[in-house]
Amino acid sequence: MIFPLPSGCAGEIMPSSGHRLRDVEHHPLLAENDSYDSSSSSSSEADVADRVWFIRDGCGMICAVMTWLLVVYADFVVTFVMLLPSKDFWYSVVNGVLFNCLVVLALSSHLRTMLTDPGAVPKGNATKEHMESLQLKPGEVIYKCPKCCCIKPERAHHCSICKRCIRKMDHHCPWVNNCVGEKNQRFFVLFTMYIALSSVHALILCGLQFVSCVRGQWTECSDFSPPVTVILLIFLCLESLLFFTFTAVMFGTQIHSICNDETEIERLKSEKPTWERRLRWEGMRSVFGGPPSLLWMNPFVGFRFGRLQTRPRKGGPEFSV
């Protein structure tokens, strides 16, 4: 049953299941002068698909920049400290191409995760006019988020940093300055996988470099002095070990969540599934798209160039293309 609407946001609908009640906050209906700006919700689904998403969060932007700087540092040490001074031409070429390919794929996946709409629900669409246009059946139950005044789909959760409800929100990750949700989980999984692989590669190269330097008495080991070389290699080892531990755990957690068709928030809240869970391969296909293929590993799939235009800050946290 839908309550009468004075104005602005649509009224609260009492949920019929207990676990949904925890996710819907109740508050008085909005008054005339408290109506939401629904200009950002007027875009069509096609317009939303062409939007480049960017969250204006200071902590997230700092973490994202730090991620790039650390990856660039690792690439610098591998290329200019270990590979270029090596006398083995093919050793340098093969490892240089492999490591830099992993770096490019990792940073591309990071960008796609950060700049892709994670599945935001249109803001401020729980209005009387929109409710009437839905042609709901008598007694049909819907849910409304009081924070962003939107009609809340099943399995959607509100992110206090993005200030939007996100479909199948898994978590908000400051290192990618974005939520991990329905539309960008694939890129986040690829990011963690490529960072873990590049970290393992860097650790192996560091071990081989130390052995080579010790055997050669640190002569012609690197274009840098022995103390500088040691410091750079030790820092790279620590960075690679830390990155590998973090991303390997996250990669395993994400794959487990996809196979079980359960987000991290749903697991932490112990929400009883009201949806029909997909089988393991069905869950993987729904996230990565299509049958298993090498395209699953490609972060550039679906990418389109466009002209970047900034939207007004009031309209939302994203840029649009």
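Procedures and definitions
- Just so you know, the residues in each chain are numbered from 1, in the order the chain's sequence is written.
- Restriction of local features to residues with pLDDT of at least 70 applies here, the model being predicted, together with a cutoff of 80 or more for giving and counting side-chain atom pairs; totals for whole chains, interfaces and linings are based on all residues.
- Hydrogen atoms and water are omitted, and side-chain values are computed over all heavy atoms in the structure.
- Helix and strand definitions here come from DSSP, where helices need a minimum of 4 consecutive H or I residues and strands a minimum of 2 consecutive E residues; each element is numbered from the N-terminal end.
- Residue exposure (1.4 Å probe, protein chains only): buried if accessible area is under 20% of the type maximum, exposed if over 50%, otherwise partly exposed.
- Any two residues having at least one pair of non-hydrogen atoms within 4.5 Å are treated as being in contact.
- The method behind every accessible area is Shrake-Rupley, applied with a 1.4 Å probe, and residues are considered shielded solely by the protein chains displayed.
- UniProt positions are given in the numbering used here, feature names are shortened, and annotations may be inferred rather than shown by experiment.
- The salt bridge definition used is simple: a Lys or Arg side-chain nitrogen within 4 Å of an Asp or Glu carboxyl oxygen.
- Here an angle of 0 to 180 degrees is reported between the N-to-C directions of two axes, which are lines fitted to C-alpha atoms, with helices fitted over the stretch in contact.
- Two helices cross in a left-handed way if the nearer one is turned anticlockwise from the farther one by less than a right angle. They cross in a right-handed way if the turn is clockwise.
- Side-chain atoms within 4.5 Å link the members of a nonpolar core, which is a set of buried Ala, Val, Leu, Ile, Met, Phe, Trp, Tyr and Cys residues.

**Let's talk about the overall build of the chain**
Working step 1: Tallying secondary structure elements over the chain gives nine helices and eight strands in all.
Working step 2: Counting the 321 residues in the chain, one finds 46% classified as buried.
Working step 3: Considering only intrachain contacts with a sequence separation of at least 6, the fraction spanning at least 24 residues in the chain is 71%.
Working step 4: Summing over all exposed atoms, the chain offers an accessible surface of approximately 17000 Å²; the carbon and sulfur share of this is 65%.

**A word on the environment of Ala 64**
Working step 1: If you trace the backbone, Ala 64 turns up in helix H3 (residues 58-83).
Working step 2: With residues near it in sequence (within four places) discarded, Ala 64 still touches His 110, Met 114, Pro 174, Trp 175 and Asn 177.

**Side note on the UniProt feature "transmembrane region" (unreviewed entry) in the chain**
Working step 1: The positions UniProt marks with the feature "transmembrane region" (unreviewed entry) are residues 61-83, 89-107, 187-210 and 230-251.
Working step 2: Overall, residues 61-83 shows 100% helix and 0% strand. The separation of its end C-alpha atoms is 32 Å.
Working step 3: Taken end to end, residues 187-210 comprises 100% helix and 0% strand; its first and last C-alpha atoms sit 34 Å apart.

**Structural notes on the pattern of salt bridges**
Working step 1: What the rule picks out here adds up to four salt bridges.
Working step 2: Here Glu 266 and Arg 155 are joined by a salt bridge, their closest N and O atoms 2.8 Å apart. In this pair, Glu 266 is assigned in helix H8 (residues 264-268) and Arg 155 in the loop between strand S2 (150-151) and strand S3 (156-159), connecting sequence segments 111 residues apart. For the pair Glu 266 and Arg 155, one class covers both residues: buried.
Working step 3: For Glu 264, the salt bridge identified is with Arg 267, shortest N-O distance 2.5 Å. Taken together, the positions of Glu 264 and Arg 267, both in helix H8 and three residues apart, correspond to about one turn of that helix.

**Details of the packing of H3 against helix H6 (residues 185-215)**
For any two helices packed against each other, the geometry comes down to the angle between their axes and how far apart the axes lie.
Working step 1: It is the contact of H3 with H6, at a shortest axis distance of 11 Å, that shows an interaxial angle of 35 degrees. As H3 packs across H6, the resulting crossing turns out to be left-handed. Residues Thr 67, Val 71, Val 78, Val 81 and Met 82 of H3 form the contact with H6, whose participating residues are Phe 191, Ile 195, Ala 202, Leu 205, Cys 206 and Gln 209.

**Considerations on the nonpolar core**
Generally speaking, soluble globular proteins have nonpolar side chains that are buried together.
Working step 1: Counting 37 residues, the largest nonpolar core has Val 77, Val 78, Met 82, Leu 236 and Phe 288 as the members making the most contacts within it.
Working step 2: Those elements giving two or more residues to this core turn out to be H3, helix H4 (89-115), H6, helix H7 (226-260) and helix H9 (280-288).
Working step 3: Here the element with the most residues in this core is H6; it accounts for 10 residues.
Working step 4: Once residues lying within four places of it in the same chain are set aside, the contact partners of Val 77 are Met 82, Leu 232, Leu 233 and Leu 236.
Working step 5: Membership of the second largest hydrophobic core comes to nine residues, among which are Ile 55, Cys 159, Met 169 and Ile 265.

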